[in-house]
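One letter stands for each residue in the lines below.
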Amino acid sequence: MRLKAALPKLELYLYAAVLYLSLLWAGTWIWDASADNVNRKVFKKSVKPGWHYFGRKMDVADFEWVMWFTTFRNHILFALAGHVIFAKVCSLISPRHRSLIYGLYGGLAVLVSMGGGFLVLVLSHCFILYSVALVKRKWIVFVVGLASLATFKMEPFNTWQEGFVTGYFDLQDILFYGGSCFTILRCMSFALENCEKKDGNYTFTDLLKYNFYLPFFYFGPIQTFDQYHVQANNPNLTRKQREMWNITTRALLHLGAILVVDVFFHYLYILTIPNDMKLVKQLSDWSLAGLAYSNLVYDWVKAAVMFGVINTVARLDHLDPPQPPKCITMLYVFAETHFDRGINDWLCKYVYDYIGGSHTNIFKELVATICTFVVTTLWLGPCELVYIWSFFNCFGLNLELWVDKIFSIPPFSNIEYAIGEAMSRRIRAVFGALNFWTIILYNILALNSLEFAKLVGKRLIVQGFPLSTLSVLFVTYCGVQLVKERERKQALLDDPEPAAVPPAPQDMPEEVGKKKAE
């Protein structure tokens, strides 16, 4: 099996040394660029006073991170802590009705935070999609659901619905769009699961209990209705062995990640630098490569921490929420690329896997990926940048399937078998390195800007060829090999190879048998 192909340990040590030294070197370039240009005009907008006792300023270019862990930290912690305490008390009193209690607390929190107008707006969308669910036709659910989602992404419907929220505060837009759009996806999940229900229908109360679970309401992640309904209505609240220890460990890891990011933001201004194109053009190729990579790593860390905090609360409520996204460093295939596991699971279940089936037919796979990215484009908000991002990621996913299909048939499959497993792994890692940078270039479109993505691509592929191009690819190749080694070890744990069984005495040659007898 190619996944279990091993390489010499000395070779792996070389890969690790090259990778870590290169990351350290690129980091020093970014550090110097951050320290030398802290007083630039562009920096003054997003680099604010931080650690006064160290004289360091902090990169605050990411509004979401600042909102979660600085500006509105106390508000968010108060709401989640209130949910945990209230839910725990009520679960002890009436474990059979805890899902109803979660929904009542969530609805009350939404009413207090956003007002009665917003609550009425959300309930109206819930009622519309519940009515559609009773028809039990999936295509009608998709038409109505996506049309409802589009009303929050397009004018003039968007502005009209914003009018239901009275007053204004800094967090209003985030809560409005988060609560509204996640509501639509949750209602669609409910409706699609109701289409699958053979006997009768789920009730409107089931939908409200599912939608108004507070930890998931504003910021996600999405948990499909079938999973939430079973878990939230399970009266057995006994925990597995060491479950609370695991929850506590995860919470401490998230706290540690927050502190590490805070330290990095005081020394590496990775979010502000890409906004200053004059400065970016002066950076070395290695700095640009490190900057692009670090932006994607940070976005993964942000998603993992934000969803991790919410998931910790959900686990305290005896739920099994979607897992955090896979680290960008571990990704070298488009099929596993995502930053929101909940949305990814939703899209896979209701669109990608539903249309693509076993994903062996190239035409069905093409239709499935196109439909998936059409829904994703609507979810992200239709605009030129999202169109470009969706097109290239859709193309990359399909190209990956086509190449895999081609190399699985003779004569390519025969050649791969003939060169041996270790060499096959090395060749696949070369393609993985190319794929890795394709994923980075496609995704910094959405995270930074089209200009920054074009500059990184031009410098690393055209102007930096051959020295910068090949050296960056070699470092990436080393990283892919280390990821493959980790996957190999995990595969051996999941599916250990059977131990060699010594032959029985009767199966031995006669001479060997005589020697053993002597």
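Because the structure is a prediction, the values reported are computed rather than measured.

## Details of the overall build of the protein chain
Counting secondary structure elements, the protein chain contains 23 helices and two strands. By the compact-globule yardstick of 24 Å for 518 residues, the protein chain fits well, its C-alpha radius of gyration being 26 Å. Viewed in the frame of its principal axes, the protein chain has a C-alpha envelope of about 85 × 70 × 50 Å. A total of 518 residues make up the protein chain; the buried ones form 48% of that total. Taking contacts inside the protein chain between residues at least 6 apart in sequence as the whole, the part at least 24 apart equals 75%. For the protein chain, the accessible surface area stands at approximately 27000 Å², while carbon and sulfur atoms represent 67% of it. The positive charge centre, built from 48 side chains, and the negative charge centre, built from 42, are 3 Å apart in the protein chain.

## Here's the deal with the packing of aromatic side chains
Scanning the entire structure with this criterion turns up 36 aromatic pairs. Where Phe 436 meets Trp 437, the ring centres are 6.4 Å apart and the plane angle is 80 degrees; that geometry is what we call edge-to-face. You'll find Phe 436 and Trp 437 in the same group, each marked buried. Measuring from ring centre to ring centre gives 6.3 Å for Phe 474 and Tyr 477, while their planes differ by 20 degrees; the resulting arrangement is stacked. Here Tyr 477 and Phe 474 lie together in helix 22 (residues 467-494), a separation of three residues that amounts to about one turn. On the accessibility criterion, Tyr 477 (11% relative accessible area) is buried. These aromatic residues form a ring-pair network of at least three members: Tyr 102, Phe 127, Tyr 130, Phe 190, Tyr 202, Phe 204, Tyr 210, Tyr 213, Phe 216, Phe 225 and Tyr 228. Across the ring face of Trp 379, the terminal group of Lys 153 is positioned such that the distance to the ring centre comes to 5.6 Å. Taking NZ or CZ as reference, Lys 197 lies 4.7 Å from the ring centre of Tyr 202, over its face.

## Quick word on helix 17 (residues 362-380)
Counted at 1.5 Å a residue, the expected span for helix 17 with its 19 residues is 27 Å, and the 26 Å between its end C-alpha atoms agrees. Of the residues making up helix 17, those classed as buried are Glu 365, Ala 368, Thr 369, Thr 372, Phe 373, Val 375, Thr 376, Thr 377, Leu 378 and Trp 379. Buried residues in helix 17 make contact with helix 7 (138-150), helix 9 (172-196), helix 16 (341-356) and helix 18 (384-406). Downstream of helix 17 by one or two residues, Gly 381 has phi in the positive range, about 105 degrees.

## A closer look at helix 13 (residues 243-267)
With 25 residues, helix 13 extends 37 Å between its outermost C-alpha atoms, agreeing within 8% with the 36 Å of an ideal straight helix rising 1.5 Å per residue. Among the residues making up helix 13, those that are buried are Ile 247, His 254, Ile 258, Val 261, Phe 265 and His 266.

## Describing the pattern of salt bridges
According to the stated counting rule, one finds 13 salt bridges in the structure shown. For Lys 302, the salt bridge goes to Glu 64, with nearest N and O atoms at 2.9 Å. One end of the pair, Lys 302, is in helix 15 (residues 285-316); the other, Glu 64, is in helix 3 (residues 63-71), and 238 residues separate them in sequence. Accessibility expressed as a relative area gives 10% for Lys 302, which makes it buried. What emerges from the salt-bridge pattern is a single network uniting Asp 62, Glu 64, Asp 299 and Lys 302.

## A few points about the UniProt feature "transmembrane region" (unreviewed entry) in the protein chain
Taking the UniProt record as the reference, the feature "transmembrane region" (unreviewed entry) is found at residues 12-31, 75-93, 100-133, 251-270, 290-310, 429-448 and 460-480. With 100% helix and 0% strand, the stretch residues 12-31 has end C-alpha atoms that lie 28 Å from each other. For residues 75-93, the helix share is 100%, the strand share is 0%, and the end-to-end C-alpha distance is 27 Å.

Rules used throughout
- Residues numbered from 1 in each chain as written.
- Predicted model: local features only at pLDDT ≥ 70, side-chain atom pairs only at ≥ 80, totals over all residues.
- Heavy atoms only, no water.
- Helix = DSSP H or I, 4+ residues; strand = E, 2+ residues; numbered from the N terminus.
- Rg over C-alpha atoms; globule rule 2.2 N^0.38 Å.
- Buried < 20%, exposed > 50% of the residue type's maximum accessible area, 1.4 Å probe, protein only.
- Contact = heavy atoms within 4.5 Å.
- Areas by Shrake-Rupley, 256 points an atom, 1.4 Å probe, with all protein chains shown as cover.
- Lys, Arg positive; Asp, Glu negative; His and termini not counted.
- Charge placed at Lys NZ, Arg CZ, Asp CG, Glu CD.
- Phe/Tyr/Trp six-rings, centres within 6.5 Å; stacked < 30°, edge-to-face > 60°.
- Lys NZ or Arg CZ within 6 Å of the ring centre and 35° of its normal.
- Expected span 1.5 Å × (residues − 1).
- Salt bridge = Lys/Arg side-chain N within 4 Å of Asp/Glu carboxyl O.
- UniProt positions renumbered as here; feature names shortened; annotations may be inferred.

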